Amino acid sequence: MKVSTKGRYGLKAVVDIAYALQKQECKCISVKSIAERQSISENYLEQIMAPLKKAKIVHSIRGANGGYYLAKPPEELTAGEVLRILEGPLVPVDCLVDGTNICAQGDCDLCVMKNSWKTIAAKINEVVDSITIAELADEFDKLSLEKLERNIK
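To start, this report covers the structure provided alongside it. (Residues numbered from 1 in each chain as written. Predicted model: local features only at pLDDT ≥ 70, side-chain atom pairs only at ≥ 80, totals over all residues. Heavy atoms only, no water.)

1. Quick look at the packing of aromatic side chains
For clarity, the threshold we go by: Side-chain rings of Phe, Tyr and Trp (the six-membered ring for Trp) are treated as a pair once their centres are within 6.5 Å; stacked means planes under 30 degrees apart, edge-to-face means over 60, and tilted covers the remaining angles. Only DSSP runs of H or I with at least four residues qualify as helices, and only runs of E with at least two residues qualify as strands; both kinds are numbered from the N terminus onward. Burial classification: accessible surface area is computed with a 1.4 Å probe over protein chains only, and a residue below 20% of its type maximum counts as buried, one above 50% as exposed, and the rest as partly exposed.
Applying the stated criterion to the full structure yields 2 aromatic pairs. Judged by centre distance (5.9 Å) and plane angle (75 degrees), the ring pair of Tyr9 and Tyr44 falls under edge-to-face. With Tyr9 in helix α1 (residues 5–22) and Tyr44 in helix α3 (residues 42–54), this residue pair connects regions lying 35 residues apart in the sequence. Owing to a relative accessible area of 22%, Tyr9 belongs among the partly exposed residues under this scheme. Of the residues examined, Tyr44 reaches a relative accessible area of 27% and is grouped as partly exposed.

Written out as structure tokens, the structure reads:
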């Protein structure tokens with residue numbers, strides 16, 4: 001399973017918003033400021049934020065001081081939630097997506113790998129659901145400080 005640019009950038013944007021909230025810089029973060037800090041195209045970032053807004057991961061405020069803010073505390077939001085909105089089901093093979101029954105064998109119930117694929121999918125989801133956005137924002141903070149310290153030396 002590979003996470004697309006959309007998933008990676010969306011996760012970065014949500015973490016960026018959480019980080020700003022932790023630093024109490026502001027409650028609402030503009031797409032322009034996220035795009036600059038994360039080196040993401042503003043237009044692409046807007047496209048990514050739309051499904052996150054629709055799924056009520058983020059809310060937005062219009063206007064000069066507008067932007068995005070998290071719909072719930074970063075401690076209650078996981079990487080898995082964000083990735084599933086942007087990527088769809090987090091499964092290693094398409095035949096595990098509900099109702100698809102896409103399988104080279106023709107009959108997925110006879111597939112020797114099906115239970116193993118289900119186990120792998122469960123573990124992937126368990127891991128991404130155990131990582132909170134607050135934890136990622138803390139990590140972003142540590143990395144930002146390290147980068148700043150390196151640039152000062």
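2. Section: unusual backbone geometry
Located in the positive-phi region is Ser39, a residue other than glycine, with phi close to 55 degrees. Within the element layout of this structure, Ser39 appears in the loop between α2 (31–38) and α3. The class for Ser39 is exposed, based on a relative accessible area of 63%. A positive phi angle, near 65 degrees, is found at Lys56, a position not held by glycine. The class for Lys56 is exposed, based on a relative accessible area of 58%.

3. Brief notes about the pattern of salt bridges
To be explicit about the condition: We count a salt bridge whenever a side-chain nitrogen from Lys or Arg sits within 4 Å of a carboxyl oxygen from Asp or Glu.
Under the defined criterion, the tally for this structure stands at 4 salt bridges. Across the pair Arg37 and Asp16 runs a salt bridge whose closest N-O atoms are separated by 2.6 Å. On the criterion of sequence distance, the pair formed by Arg37 in helix α2 and Asp16 in helix α1 is long-range, its members being 21 residues apart. With its nearest N and O atoms 2.9 Å apart, the salt bridge here joins Lys72 to Glu81. Exposure remark for Lys72: the relative accessible area of 30% places this residue in the partly exposed category. Here Glu81 falls in the partly exposed class, since its relative accessible area comes to 24%.

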